[in-house]
Amino acid sequence: MLIPFSRKNGFQLLCNLKFPAVGFKNIVQSGLILQSISNDVYQNLAVEDWIHDHMNLEGRSVLFFWRNSPSVVIGRHQNPWQECNLNLLREEGIKLARRRSGGGTVYHDMGNINLTFFTTKKKYDRMKNLKLIVRALNTVQPQLDVQATGRFDLLLDGQFKISGTASKIGRTAAYHHCTLLCSTDGTFLASLLRSPYQGIRSTATASIPSLVKNLVEKDPTLTCEVVIDAIAAEYAAFHHIENHIHLINPTDETLFPGINSKAKELQTWEWIYGKTPKFSVNTSLNVLHEESPLEIKVFIDIKNGRIEVCNIEAPDHWLPLEICDRLNSGFIGSKFCPMEMTMLTSILRRTCPEDDGLHSKWNILCEKIKAIM
Ligand SMILES: Nc1ncnc2c1ncn2[C@@H]1O[C@H](COP(=O)(O)OC(=O)CCCC[C@@H]2CCSS2)[C@@H](O)[C@H]1O
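Residues numbered from 1 in each chain as written. Predicted model: local features only at pLDDT ≥ 70, side-chain atom pairs only at ≥ 80, totals over all residues.

Some points on the pairing of strand β4 (residues 71-74)
Working step 1: Of the two faces of β4, the one carrying S71 and V73 and the one carrying V72 and I74 are both buried.
Working step 2: Where β4 lies against strand β6 (residues 106-108), three bridges are found, and the strand directions are antiparallel. Across the sheet, V73 pairs through a bridge with V106, a residue of β6. (Buried ≥ 20, exposed ≤ 12 C-beta atoms within 10 Å, placed from the backbone. Helix = DSSP H or I, 4+ residues; strand = E, 2+ residues; numbered from the N terminus. Pairing = 2+ DSSP bridges.)

Re the sheet that holds β6
Working step 1: Across the sheet, three strands lie side by side as β5-β4-β6; this open sheet has mixed pairing. Bordering the open sheet on either side are β5 (95-98) and β6, each of which pairs with just one other strand. Put simply, the sheet's adjacent strands are angled 25° from each other on average, direction ignored. (Axes fitted to C-alpha atoms, helices over the stretch in contact; angles between N-to-C directions.)

A word on the environment of F188
Working step 1: With respect to the helices and strands, the residue F188 is situated in helix α6 (residues 186-192).
Working step 2: On a C-alpha basis, the gap between F188 and P70 in space is 9.8 Å, while along the polypeptide they are 118 residues apart.

Structural notes on the site of the ligand
Working step 1: Taken together, 26 residues lie near the ligand, and G104, V106, G164, T179 and S207 sit nearest.
Working step 2: Of all the elements in the fold, those that place two or more residues in the shell around the ligand are β6, β7 (112-120), β10 (160-163), β11 (165-169) and β12 (173-181).
Working step 3: Ranked by residue count, the leading element in the shell around the ligand is β12, at four residues. (Near = placed C-beta within 6 Å.)

Quick word on the confidence of the model for the chain
Caution applies to low-pLDDT parts of the model: their predicted coordinates are not meant to be read in detail.
Working step 1: Looking at the chain as a whole, its pLDDT mean stands at 92, while 92% of the residues score no less than 70.
Working step 2: Predicted confidence for residues 1-11 stays below pLDDT 50, and this span has 16 contacts to residues more than four positions away or in other chains.
Working step 3: Counted against residues more than four places away or in other chains, residues 16-28, with its pLDDT under 50, gives 13 contacts. (pLDDT = per-residue confidence, 0-100. Contact = placed C-beta atoms within 7 Å.)

Things to note about helix α2 (residues 41-54)
Working step 1: End to end, α2 covers 20 Å across 14 residues, agreeing with the expected 20 Å (1.5 Å per residue, within 8%).
Working step 2: Along α2, the positions that sit buried rather than exposed are V41, Y42, Q43, N44, L45, A46, V47, E48, D49 and I51. (Expected span 1.5 Å × (residues − 1).)

Description of the environment of S329
Working step 1: Topologically, S329 is positioned in helix α11 (residues 321-331).
Working step 2: Under the C-beta neighbour-count criterion, S329 is labelled exposed, with 11 such atoms within 10 Å.
Working step 3: For the pair S329 and P257, spaced 72 residues apart in sequence, the C-alpha to C-alpha distance is 45 Å.

A look at the UniProt feature "domain: BPL/LPL catalytic" (unreviewed entry) in the chain
Working step 1: Within this numbering scheme, the UniProt entry marks residues 57-243 as carrying the feature "domain: BPL/LPL catalytic" (unreviewed entry).
Working step 2: Overall, residues 57-243 shows 28% helix and 29% strand. The separation of its end C-alpha atoms is 19 Å. (UniProt positions renumbered as here; feature names shortened; annotations may be inferred.)

What to know about the domain arrangement of the chain
It is common to report an interface's size as the accessible area lost on association of the parts.
Working step 1: Splitting the chain by domain gives domain 1 (2-272) and domain 2 (279-370).
Working step 2: Taking only C-alpha atoms, the centre of domain 1 and the centre of domain 2 are 41 Å apart.
Working step 3: At the interface, eight residues of domain 1 touch six residues of domain 2.
Working step 4: The element best represented in the side of domain 1 that touches domain 2 is strand β13 (residues 200-202), accounting for three residues.
Working step 5: Tallied by class, residues from the side of domain 1 that touches domain 2 come to three nonpolar, four polar and one charged. (Domains from an automatic or database assignment. Nonpolar A, V, L, I, M, F, W, Y, C, P; charged D, E, K, R; others polar.)

Observations concerning the environment of I372
Working step 1: In this structure, I372 sits in the segment after α13 (356-370).
Working step 2: The exposure class of I372 is partly exposed, given the 19 C-beta atoms found within 10 Å.
Working step 3: The contact partners of I372, leaving out residues within four places of it in the chain, are Y197, V281 and T283.

Concerning the packing of helix α12 (residues 338-349) against α13
When two helices pack together, you describe them by how their axes are tilted relative to each other and by the distance separating the axes.
Working step 1: One way to put it is that α12 packs onto α13 with a least axis distance of 10 Å and a crossing angle of 160°. Between α12 and α13, the angle is such that the two are roughly antiparallel. The way α12 lies across α13 gives a crossing that is right-handed. Residue-level inspection shows P338, M341, T342, T345 and R349 of α12 in contact with α13, the latter providing H359, W362, C366, I369 and K370. (Parallel < 35°, antiparallel > 145°, perpendicular 65-115°, else oblique. Left-handed = near helix turned anticlockwise from the far one by under 90°.)

Right, here's the structure in full:
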């Protein structure tokens, strides 16, 4: 049963919980189980940041459950252009988030559970956490074949990924977080995580795609609610604590002072796109000229999400070199982002001679360039 986390004692509860007496030999590791009432990926990631930064985890550990409305979550050192179909994300209104932990890109929706295991750096143990999840799943469905792999995925029937792992290890605190697929939209997941962008060269961490499956496909009773309750019960039994899930509101500043500014930072363009490791795009675009295709070469270097070097080379007879150069130098310093391009190209177009033919070619080229962003 879920009981609301009271405002009055919330912060106290998080920071100064009274733990059972610790014996000399049998050290009782005390714990706390939390679940977010929000489905906003930025707010939930901010809870992780807050607990990691502010909670004293010495002698206590915390398990945090959270679910998000449709979102794509990239790792700290990843390139979103390389990892997902940004145009599709924009069209469908899917949130894109960059987390603070490393690793690959995953898709979240309300059919996916996220679990964060907070401990001290010393007590950090991903295999122990995954085994706890496996025990919980087997309690509900003893027939289920779920195993943890060497790279800390959970596989169903030896081949289908149902969980991916990432982690952040701080100076004293650490967390291991993982996903768990109960009833996620697999078709949508696959199309969102397929990048259509060609010619990207980068040193960013690349994701490792797998065949995925939902737990409900194996057993329809394994819904998110059932699975969360089973894992909470297993965690409570393991840590000798009350089997109770405390509901938390991640926008509650009395509980988490300063949390809203953490959530805000996670939503900024500078964090999501700007933290992409330097990369380059080397591709070509095709336009039609007198009914035959014509090749336009594009070389762009992007640093901190912004265009650092730009070389768009169109045949001189199609677009005069001078006009091309105007575009190339005009783009320097701007965000590698279609919205910014729309603004910029309409400003730059005013510097172009009044010529309908030229303007139409300019528009065609700018639309093509926007499509690779
Ligand atoms: N939700 C989810 N769960 C499991 N596997 C997924 C999911 N979404 C996509 N995938 C598959 O994993 C690969 C990427 O695998 P890869 O191993 O590259 O990355 C991960 O697993 C990262 C897990 C991060 C977990 C965090 C926990 C809280 S916030 S996000 C992707 O291409 C798909 O094939």
